[in-house]
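Spelled out, the chains give:
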Amino acid sequence: YAVRGFLWYQGEANTFPDKARFYEAQLRLLVTDWRARWGQELPFAWAQLPNFGGPGRDWPAVREAMRNTLALPRTGMAITIDIGDPKDIHPKNKQEAGRRLALWALAKTYGKPVKSYASPVFGSLQIDGAKARISFKNAEGGLKSLDGKPLTWFTIAGADKKFVPAQAEISGGTVTVSSPEVKKPVAVRFGWDQIAEPNLANAAGL
């Protein structure tokens, strides 16, 4: 039967540490296998896992696997980390998760005029002395704080790889990250926590 594309919302059971490291390979295989079975490169998008506080899980690793799988052509991802529920593995706000997936489908599959169809994702890292500058894709119109407060859930590390909370400031489509505890940064993490609920968004509020 005819299919126009796929929307996928799954991954919670894969967050156990002995499973999380396999998820990128599994998701890639799912996409390529289903496309092979239908005989065409069908569009495929998924909802990135939201925030949840269940113990013994590695949600950040699965979220990262989902981000990495965007390397496959004709794939998309709706970021839902700001609409989850740390106490409920099945958050109630399915309407917004569906809307974000629909924005991608309307823009990329049906060619509809959508102002913004994807949330900001990592573009590149530039180290400038004690500061790290992060550029983002999908940041047309600039970036903003959802609640008007300072940006949250950024951490930074030096060569010792010990991540500490960082101050983060928006400048157009980039974010400058720093901490007085790290004089020579080499890496930045963003939202790398089970229950992270960051407030960074693009101009469209994604």
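This text goes with the structure placed above it.
Every chain is numbered on its own, with residues counted from 1 as its sequence reads. Local features in this predicted model are restricted to residues whose pLDDT is 70 or higher, and side-chain atom pairs enter the listing and the counts only when it is 80 or higher, whereas totals over whole chains, interfaces and linings include all residues. The side-chain figures draw on all heavy atoms in the structure; neither hydrogens nor water molecules are used.

Asks: How should I be thinking about empty space enclosed by the protein in this particular structure?
Replies: Using a probe with the size of a water molecule, rolled over the atoms, empty space left in the structure can be pinpointed. Points on a 1 Å grid over protein atoms alone make up a cavity when a 1.4 Å probe fits among them but cannot get out, and a pocket when they form an open set with protein on both sides within 12 Å along at least five of seven lines; lining residues each have an atom within 4 Å of a point. Grid points are joined across faces, edges and corners, and a volume is the space filled by probe spheres set on the points. Applying the stated criterion to the full structure yields one cavity of 30 Å³ or more. The volume enclosed by the largest cavity comes to roughly 40 Å³. Tyr9, Thr80, Ile83, Pro91, Asn93, Lys94 and Ala97 are the residues that line the largest cavity. Note on residue classes: Ala, Val, Leu, Ile, Met, Phe, Trp, Tyr, Cys and Pro are nonpolar, Asp, Glu, Lys and Arg are charged, and everything else, Gly too, is polar. When its residues are assigned to classes, the lining of the largest cavity shows four nonpolar, two polar and one charged.

Asks: What am I meant to see in the packing of aromatic side chains here?
Replies: Each aromatic ring pair is specified by the distance between its two centres and by the angle formed by the two planes. In this analysis, rings of Phe, Tyr and Trp, with Trp reduced to its six-membered ring, are considered paired at centre separations within 6.5 Å, and the interplanar angle assigns stacked below 30 degrees, edge-to-face beyond 60, and tilted for intermediate values. Under the defined criterion, the tally for this structure stands at eight aromatic pairs. Taken together, a centroid distance of 5.4 Å and an interplanar angle of 45° make the contact between phenylalanine 6 and phenylalanine 44 tilted. Here the residue phenylalanine 6 occupies a position in strand β1 (residues 6-8), and phenylalanine 44 occupies one in strand β2 (residues 44-48), the gap between them amounting to 38 residues. Of the two residues, phenylalanine 6 and phenylalanine 44, neither departs from the other in class, the shared state being buried. Here a strand is any run of E in DSSP of at least two residues, a helix any run of H or I of at least four, and the numbering for each starts at the N terminus. We call a residue buried when its accessible area falls under 20% of the maximum for its residue type, exposed when it is over 50%, and partly exposed in between, using a 1.4 Å probe and counting protein chains only.

Asks: Would you mind going over the side chain of threonine 69 with me for this structure?
Replies: As for its position among the elements, threonine 69 is in the loop between α3 (59-68) and β3 (75-79). In contact with threonine 69, other than residues within four places in its own chain, are Glu24, Leu27, Arg28, Trp46 and Thr75. Two residues form a contact once any of their heavy atoms are found within 4.5 Å.

Asks: Help me out: how do you make sense of the environment of leucine 101 in this one?
Replies: In this fold, leucine 101 is placed in helix α4 (residues 94-108). Residue leucine 101 is classed as buried on the basis of its relative accessible area of 8%. Spatially, the C-alpha atoms of leucine 101 and alanine 47 are 7.2 Å apart, while their sequence positions differ by 54 residues. Sequence-distant contacts of leucine 101, defined by excluding residues within four places in its chain, comprise Leu7, Ala45, Trp46, Ala47 and Ala78.

Asks: What am I meant to see in the layout of surface pockets here?
Replies: Considered as a void within the structure, the largest pocket measures approximately 730 Å³ in volume. Lining the largest pocket are 28 residues, and of these Glu64, Arg67, Phe122, Phe190 and Gly191 sit closest to its centre. Looking at the lining of the largest pocket, the elements that each hand over two or more residues are α3, β3, β4 (121-128), β5 (131-137) and β11 (187-190). The residue inventory of the lining of the largest pocket, partitioned by class, reads 19 nonpolar, three polar and six charged. Taken as a whole, the second largest pocket spans an internal volume of roughly 340 Å³.

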